[in-house]
Amino acid sequence: MLHIERITLREIRLPLKEPFRISSGVVSERRICLLELHDADGTVGWSECVAGELPNYSAETIDTAWHAMTEWLAPRVIGKTIEHPDRVFALLDHNIRGHNMAKAAIEMGCWDVGARQRSVSLSRLLGGTRDRVATGISIGIQQNPAALAQRARAAFDQGYRKIKVKIQPGADIEFVRAVREELGAAVHLMADANSAYTLADADHLARLDALNLIMLEQPLGRDDLVRHAALQQRLTTPICLDESITDVDRAEDMIALKSGRIINIKPGRVGGFSVSKAIHDLCQRNAIPVWCGGMLESGVGRAHNVALASLANFTLPGDLSPSSRYWAKDIVTPEWTMDADGMVHVPRDRPGIGVTVNMDRVDGLTVRKSELNGAARAAA
Ligand code: OSB
Ligand code: MG
């Protein structure tokens, strides 16, 4: 049983080792929202809201999520008796449209509390089966093809099992070709456009077919399944959808319309673990491979992603880079590491998320803090 009494929201600032550029913007310092959930039985759980600094990936930002959690979402769970974490999404979703990342942060924190109450790992509570998960890297847009090829080479030599490069008009075919020539034909290579193209670019994008990508992620509009279906007909490269898959229905639509052949599951984007699991199961029944995407999370969000990626149908390497790829120093102990085979170990024998939040460090990085106790708006 969950009896969440209060939730502490914190915003920390964490500088990336290097700026991360995608087609719609660049980030140098993450503004990360952390949740500390206190159960009446003394159990404390953690989660991270993955909303960005600006609404350039989805409509949400850390500020809209902070507002949504404070005003509408936290009061839905605080002070309630909830049988199981798998009930939380429905409580949060009823008559509240959107705000998936805000919903997910609360829901995923409840899963950590639930796992710790049962003294099992988050991976086990979610139904995960794997002890190690394969890791890919997502490399931001670089100045020129040679610089990108060099970054990709370094990543491959470190052991990454999938190399994803960000693309945009003007930085696409030649950039990807340089990486393919550098790494050779066998390496699992893919590109992510973050919605930078239109269907008018179909002939141009079809030039990627010659480069044998394992997939092309989200080339077209973030909510456009119809044109993705038209594009997929013109490409041999499988399309993978990220931004477009915001719930189970959208995943069903993708399959029905043939808008793509692979799904990147980010639990934040779909409202948390219950929906992630439902999409995972749907895809498994339909022979659609899935993999776990990333949102430049700290070690807290990474823990949640690694646990999810331990489920059986996560058959492709996730964007689950180790802590040192992003930060000079992470906020958890132990930090996330990757072995020479490009595998991250799932802490299946530790309760909950399996890492300890370094409180001194978090306190030092905190720029904003709020205690939600449900009292203010619980009646609303
Ligand atoms: O589209 O997958 C994406 C980061 C921010 C916003 C969108 C995306 C990404 C990534 C980063 O690709 C992956 C990672 O966390 O390493
Ligand atoms: Mg993406």
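Everything here concerns the structure above.
Residues numbered from 1 in each chain as written. Chains lettered and ligands numbered in written order. Predicted model: local features only at pLDDT ≥ 70, side-chain atom pairs only at ≥ 80, totals over all residues. Heavy atoms only, no water.

Peer 1: Explain the nonpolar core to me, and be specific about the residues and the numbers.
Peer 2: Judged by nonpolar contacts, the single largest core of 88 residues is most densely connected at Ile163 and Ile263. Excluding residues within four positions of it along the chain, Ile163 makes contact with Ile137, Ile139, Ala152, Ala155, Phe156, Leu183, Val187, His188, Leu189 and Met190. Membership of the second largest hydrophobic core comes to 32 residues, among which are Leu9, Val88, Ala102 and Cys110. (Core = buried A, V, L, I, M, F, W, Y, C linked by side-chain atoms within 4.5 Å. Buried < 20%, exposed > 50% of the residue type's maximum accessible area, 1.4 Å probe, protein only. Contact = heavy atoms within 4.5 Å.)

Peer 1: An account of the coordination of the magnesium ion (ligand 2) is needed here, citing residue identities and associated values.
Peer 2: Binding of the magnesium ion (ligand 2) to the protein goes through Asp192 (OD), Glu217 (OE) and Asp242 (OD), at separations of 2.1 to 2.3 Å. Read from N- to C-terminus, the donor residues coordinating the magnesium ion (ligand 2) fall into the pattern D-x24-E-x24-D. Taken together, the positions of Glu217 in strand 7 (residues 215–217) and Asp242 in the loop between strand 8 (239–241) and helix 9 (248–257) put the pair 25 residues apart, joining distant regions of the chain. Asp242 shares its class with Glu217; the two are buried. (Donors = N, O, S within 2.8 Å, 3.2 Å for Na, K, Ca; no water. Helix = DSSP H or I, 4+ residues; strand = E, 2+ residues; numbered from the N terminus.)

Peer 1: Can you tell me about the site of ligand 1, naming the residues and giving the values?
Peer 2: Among the 15 residues in the neighbourhood of ligand 1, the closest are listed as Ser138, Asn194, Lys266, Leu296 and Tyr326. The contact in question runs from an oxygen atom of ligand 1 to an N or O atom on the side chain of Asn194, over 2.8 Å. Within the backbone of Leu296, one N or O atom sits 2.9 Å away from an oxygen atom of ligand 1. Contact with the protein chains hides 96% of the accessible area of ligand 1, taken as 390 Å² for the molecule alone. Among the residues forming the shell around ligand 1, the class breakdown is five nonpolar, three polar and seven charged. (Near = heavy atom within 4 Å. Polar contact = N/O pair within 3.5 Å; in protein donor to acceptor, adjacent residues only side chain to side chain. Areas by Shrake-Rupley, 256 points an atom, 1.4 Å probe, with all protein chains shown as cover. Nonpolar A, V, L, I, M, F, W, Y, C, P; charged D, E, K, R; others polar.)

Peer 1: Account for the state of the cysteines, naming residues and giving values.
Peer 2: In a disulfide, the sulfur atoms of two cysteines are held together by a covalent bond. The final tally for this structure, using the stated rule, is zero disulfides. Considering cysteine sulfurs only, Cys49 is the nearest to Cys33, which forms no disulfide, with 5.4 Å between them. The class of Cys33 is buried, set by a relative accessible area of 2%. Its sulfur unpaired, Cys292 is 12 Å from the next cysteine sulfur, which belongs to Cys240. According to the relative accessible area criterion, Cys292 is buried, its value standing at 1%. (Disulfide = S-S within 2.5 Å.)

Peer 1: Tell me about the packing of aromatic side chains, and please be specific about residues and values.
Peer 2: If you walk through the whole model with that rule in mind, you get two aromatic pairs. Considering the side-chain rings of Trp111 and Phe273, the 6.2 Å spacing of their centres and the 90 degrees angle between planes classify their relative orientation as edge-to-face. Here Trp111, found in helix 3 (residues 100–117), pairs with Phe273, found in helix 11 (residues 273–285); they are 162 residues apart in sequence, far enough to count as distant. The pair formed by Trp111 and Phe273 is uniform in burial state, with each residue classed as buried. The ring of Trp291 has Lys162 sitting right over it, with the charged end atom 3.2 Å from the ring centre. Above the face of the Trp66 ring, Arg368 is positioned so that its terminal group lies 3.9 Å from the ring centre. (Phe/Tyr/Trp six-rings, centres within 6.5 Å; stacked < 30°, edge-to-face > 60°. Lys NZ or Arg CZ within 6 Å of the ring centre and 35° of its normal.)

Peer 1: Can you lay out the pattern of salt bridges for me, pointing to particular residues and giving the numbers?
Peer 2: Under the criterion given, the structure shown has 33 salt bridges. A salt bridge links Asp112 to Arg116; its shortest N-O distance comes to 2.9 Å. On the criterion of helical spacing, the pair formed by Asp112 and Arg116 is a turn pair, its members being four residues apart in helix 3. By relative accessible area, which is 0% here, Asp112 ends up buried. On the basis of relative accessibility, which here comes to 26%, the residue Arg116 falls in the partly exposed class. With a closest N to O distance of 2.7 Å, Lys166 and Asp192 form a salt bridge. Separated by 26 residues along the polypeptide, Lys166 in strand 5 (residues 162–166) and Asp192 in strand 6 (residues 189–192) bring together distant segments of the chain. (Salt bridge = Lys/Arg side-chain N within 4 Å of Asp/Glu carboxyl O.)

Peer 1: Break down the sheet that holds strand 3 (residues 44–49) for me, citing the residues and quoting the values.
Peer 2: Strands sit in the order 3-2-1-15 across an open sheet of four strands; the sheet is antiparallel. Strands at the two margins of the open sheet, each flanked by one partner only, are strand 3 and strand 15 (366–372). Ignoring strand direction, the axes of neighbouring strands in this sheet form an average angle of 25 degrees. With six bridges connecting them, strand 2 (residues 25–39) and strand 3 associate as antiparallel partners. Looking across to strand 3, one finds that Leu35 is bridged to Ser47. Against the sheet, helix 1 (residues 62–77) contacts strand 1 (4–22), strand 2, strand 3 and strand 15, and its axis sits at roughly 160 degrees relative to strand 1. Of the strands in this sheet, strand 1, strand 2 and strand 3 are in contact with helix 3, which crosses strand 3 at around 155 degrees. (Pairing = 2+ DSSP bridges. Axes fitted to C-alpha atoms, helices over the stretch in contact; angles between N-to-C directions.)

Peer 1: Outline unusual backbone geometry, supporting the account with residue identities and numerical values.
Peer 2: In the segment running from Thr333 into Pro334, the intervening peptide bond is cis, with an omega of -10 degrees. Position of Pro334 relative to the elements: it lies in the loop between strand 12 (332–333) and strand 13 (343–345). In this structure, His99 takes a positive phi of about 55 degrees despite not being glycine. Within the secondary structure, His99 sits in the loop between helix 2 (88–93) and helix 3. A residue is classified by how much of its surface remains accessible, and His99, at 24% relative accessible area, is partly exposed.

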